[in-house]
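Next come the chains, spelled out residue by residue.
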Amino acid sequence: MVIFSWLADFIAYRLFHLDEATRLGEAVHFFIEDVTKIYVLLVLMIYVISFLRAGLNTDKVRSYLSGKHRFAGYTIAAGFGAVTPFCSCSSIPLFLGFTSARIPLGITMAFLITSPMINEVALVLLGSLLGLKFMIIYTVTGLIAGIAGGAFIDLIRAERLLMPIGRQALAYGEAGAASIASQELKRKLTGMQRHQFAVEEFTTIFKRIWIWVLLGVGLGAFLHGYIPEGYLENFLSGGDWWSVPAAVVVGIPLYANASGIIPAAQSLIAKGLPVGTTLAFMMSVVAASFPEFTMLRQVMKPKLLLIFFLMLLVFFTLAGWLFNILI
Amino acid sequence: MKIEILGGGCARCAQLYGSTQKAVGSAGLDAEVIKDENFETIIKYGITSTPALVVDGVVKSSGKVLRPAEIISLLNG
């Protein structure tokens, strides 16, 4: 990682003739070092992960999950959620497709909760900006959120709270009418096809996120250079019990992906926001959003949406409190 | 031939619809291209991600925006 620091030295101090001791110099250096490091790691990680997961799609996940025992199902679904890329625009077809294949609602929800939270982009950002320990904590918490959330949804028998179209999907499943007939279910991929897929994946993902990384790190660089260390501690000390749920309530409706929020989180921690509070805020921003709720509104009754919201609120708050105490 | 593009109002669905029309046009096929945003159809075909391309009632592809050339080879194959 020294090479990125060296590159930033060169650009900020030699090319732009900025003074190392000034705030501007420090902020620019921070920005260049982080952006170049993250971009390079992202290129590598997205390529490698895409190469490995080429051929895995939601159809395969579904055929794998259908007929699994419930408790194994939650865990496997959360795991698949982590490795499958997710777009909130796909949540309705996924929901309907899984439900009509007789996959219990909770297992589908486990997938839907984990999928936006954990992916290679989030892992690269967490690992390089906040460290390995934080990355592991985030991943484990995200998986548990999916598993626990899914189990809870089944426990309250949430099928009762589906909109007519959701019930229709259920009915299809019970009648055994849903055809799990995808052309690609059994297709074997060659190395070349995997490579092509990985390049394509990489291009689409990178196109979508590069600007967010830039903005997130830019905000981080600003905070880094211009706000004194520990500044936020004055406002949000870890002692205030309500600061965690407040951060979660603000975070859930917000719409941002991991690529924008994680770089900013790094600076928030450095400026004194407690780790648990930051983690809780980050997760609630990434896991759910107002647009996703309006999407899910089409298949779920308002009551179920409210339960979903409260469930995330309680879980992220508990996680935030726990990490504020532990770390 | 009847080609259905399934998926409710997402940007990628519109892209697939566009490239399918292009494919049909450039290959000079006698095909009817329909956009279907109805969730019931999605359930019926058992699709898990959109946009999906259905040709004469058979799901040929889902969750992908295909290029016109790929669509032509799917239609021929």
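Structure first, text after, so check above.
So, how was this worked out
- Residues numbered from 1 in each chain as written.
- Chains lettered and ligands numbered in written order.
- Predicted model: local features only at pLDDT ≥ 70, side-chain atom pairs only at ≥ 80, totals over all residues.
- Heavy atoms only, no water.
- Helix = DSSP H or I, 4+ residues; strand = E, 2+ residues; numbered from the N terminus.
- Buried < 20%, exposed > 50% of the residue type's maximum accessible area, 1.4 Å probe, protein only.
- Axes fitted to C-alpha atoms, helices over the stretch in contact; angles between N-to-C directions.
- Parallel < 35°, antiparallel > 145°, perpendicular 65-115°, else oblique.
- Left-handed = near helix turned anticlockwise from the far one by under 90°.
- Contact = heavy atoms within 4.5 Å.
- Nonpolar A, V, L, I, M, F, W, Y, C, P; charged D, E, K, R; others polar.
- Expected span 1.5 Å × (residues − 1).
- Arc of directions from axis to C-beta.
- Pairing = 2+ DSSP bridges.
- Buried area = accessible area lost by both parts, 1.4 Å probe.
- Salt bridge = Lys/Arg side-chain N within 4 Å of Asp/Glu carboxyl O.
- Polar contact = N/O pair within 3.5 Å; in protein donor to acceptor, adjacent residues only side chain to side chain.
- Core = buried A, V, L, I, M, F, W, Y, C linked by side-chain atoms within 4.5 Å.

Q: Would you take a moment to explain the environment of Ile49(A) for this structure?
A: Residues and elements named next belong to chain A. Position of Ile 49 among the secondary structure elements: in helix H2 (residues 23-53). Classification of Ile 49 by relative accessible area gives partly exposed; the value is 24%. Between the C-alpha atoms of Ile 49 and Leu 15, which are 34 residues apart in sequence, the distance is 36 Å.

Q: When you look at the packing of helix H7 (residues 120-130) of chain A against helix H12 (residues 258-270) of chain A in this model, what are you seeing that I'm missing?
A: Think of two packed helices as two axes; the pair is described by the angle between the axes and how far apart they sit. Residue and element names in this part refer to chain A. It is at 9 Å that the axes of H7 and H12 come closest, and there the two elements cross at 15 degrees. Put simply, H7 runs roughly parallel to H12. Classified by chirality, the crossing of H12 by H7 is right-handed. Contacts between H7 and H12 involve Val 121, Ala 122, Leu 125, Leu 126, Leu 129 and Leu 130 on the former and, on the latter, Ala 258, Ser 259, Ile 262, Pro 263, Gln 266 and Ile 269. Across the contact of H7 with H12, the residue classes tally to 10 nonpolar, 2 polar and no charged.

Q: Help me out: how do you make sense of the side chain of Glu201(A) in this one?
A: All names here are of chain A. Looking at the secondary structure, you find Glu 201 in helix H10 (residues 191-226). Overall, Glu 201 belongs to the buried group, its relative accessible area being 15%. The contacts of Glu 201, once residues within four sequence positions are left out, are Ile 46, Ser 50, Arg 53 and Pro 85.

Q: Whenever I open this one, helix H1 (residues 2-15) of chain A confuses me. Can you help?
A: A turn of α-helix holds 3.6 residues, and therefore any two residues three or four places apart point the same way. Residue and element names in this part refer to chain A. The end-to-end C-alpha distance of H1, which contains 14 residues, comes to 19 Å, matching closely the 20 Å that a straight helix rising 1.5 Å per residue would cover. By the burial criterion, the buried members of H1 are Phe 4, Ala 8, Ala 12 and Tyr 13. In a view along the axis of H1, the buried residues occupy a sector of 130 degrees, so they form one face of it. Turned more than 90 degrees from where H1 packs its buried face, Val 2, Ile 3, Trp 6, Arg 14 and Leu 15 sit exposed. If you follow the buried residues of H1, they end up packed against H2. Just beyond H1, the residue with positive phi is His 17, at close to 55 degrees.

Q: Is there a simple way to think about the pairing of strand E1 (residues 2-6) of chain B in this case?
A: Working note: regular strand, side chains alternate between the two faces of the sheet. All names here are of chain B. The buried fraction of E1 is high, at 4 of 5 residues. Where E1 meets strand E2 (residues 32-36), 5 bridges bridge the pair, whose relative direction is parallel. When the sheet's bridge partners are listed, Ile 3 is paired in E2 with Val 33.

Q: What am I meant to see in the environment of Ile307(A) here?
A: Residue and element names in this part refer to chain A. Secondary-structure assignment places Ile 307 in helix H15 (residues 302-326). Ile 307 sits 24 residues away from Met 283 along the chain, and the two C-alpha atoms are 18 Å apart. Every residue in contact with Ile 307, bar those within four places of it in the chain, is listed here: Phe 152, Ile 156 and Leu 161.

Q: Would you take a moment to explain unusual backbone geometry for this structure?
A: Most of the time, phi is negative for any residue but glycine, and the peptide bond is trans. Looking along the chain, the bond that leaves Thr50(B) and enters Pro51(B) is cis, with omega of 0 degrees. Structurally, Pro51(B) is set in the loop between helix H2 (39-45) and strand E3 (52-55). Of note in this structure, Arg102(A) is not a glycine but carries a positive phi near 65 degrees. You can see Arg102(A) is positioned in the loop between helix H5 (91-100) and helix H6 (105-117). A relative accessible area of 57% means that Arg102(A) is categorised as exposed.

Q: In this structure, what is going on with the interface of chain B and chain A? I would like to understand it.
A: In many reports, interface size means the accessible area that the parts give up when they come together. If you look at the interface, chain B gives 18 residues, while chain A gives 21 residues. When the two sides are added together, the surface that chain B and chain A hide from each other amounts to roughly 1,700 Å², 54% of it contributed by carbon and sulfur. Considering only the side of chain B, the residues that lose the most area to chain A are Phe39(B), Ile43(B) and Thr48(B), jointly responsible for 43% of the buried surface there. One salt bridge in this structure joins Arg67(B) and Glu200(A), with 3.9 Å as the shortest N-O distance. Counting across the interface, chain B meets chain A through 6 residue pairs in polar contact (both at pLDDT 80 or more). Looking at the side of chain B that touches chain A element by element, the count peaks at 6 residues for H2(B). In terms of residue class, the side of chain B that touches chain A is made up of 8 nonpolar, 5 polar and 5 charged.

Q: How should I be thinking about the sheet that holds strand E4 (residues 58-62) of chain B in this particular structure?
A: Adjacent strands of a sheet form backbone hydrogen bonds with each other and so pair up, either parallel or antiparallel. All names here are of chain B. In space, the 4 strands of this open sheet follow the order E2-E1-E3-E4, with mixed pairing throughout. Whereas interior strands pair on both sides, the edge strands pair on one side only; in this sheet they are E2 and E4. Going across the sheet, the axis of each strand differs from the next one's by a mean of 20 degrees, ignoring polarity. Where E1 and E3 come together, 4 bridges link them in antiparallel fashion. Counted as the bridge partner of Glu 4 is Val 54 from E3. Packing of helix H1 (residues 11-27) onto the sheet brings it into contact with E1, E2 and E3, and relative to E1 it is tilted by some 160 degrees.

Q: When you look at the nonpolar core in this model, what are you seeing that I'm missing?
A: Generally speaking, nonpolar side chains in soluble globular proteins are found buried as a group. The biggest cluster of nonpolar side chains holds 88 residues, and the ones touching the most others in it are Leu42(A), Phe95(A), Leu96(A), Ile262(A) and Met300(A). By residue number, the principal contributor to this core is H15(A), which donates 9 residues. The residues touching Ile262(A), leaving out its near neighbours within four places in the chain, are Ala122(A), Leu125(A), Leu126(A), Leu129(A), Leu130(A) and Met282(A). One finds Leu16(B), Val55(B), Leu66(B) and Leu75(B) within the second-largest nonpolar core, a separate group that totals 11 residues.

Interpretation in functional terms is not warranted from these geometric data alone.
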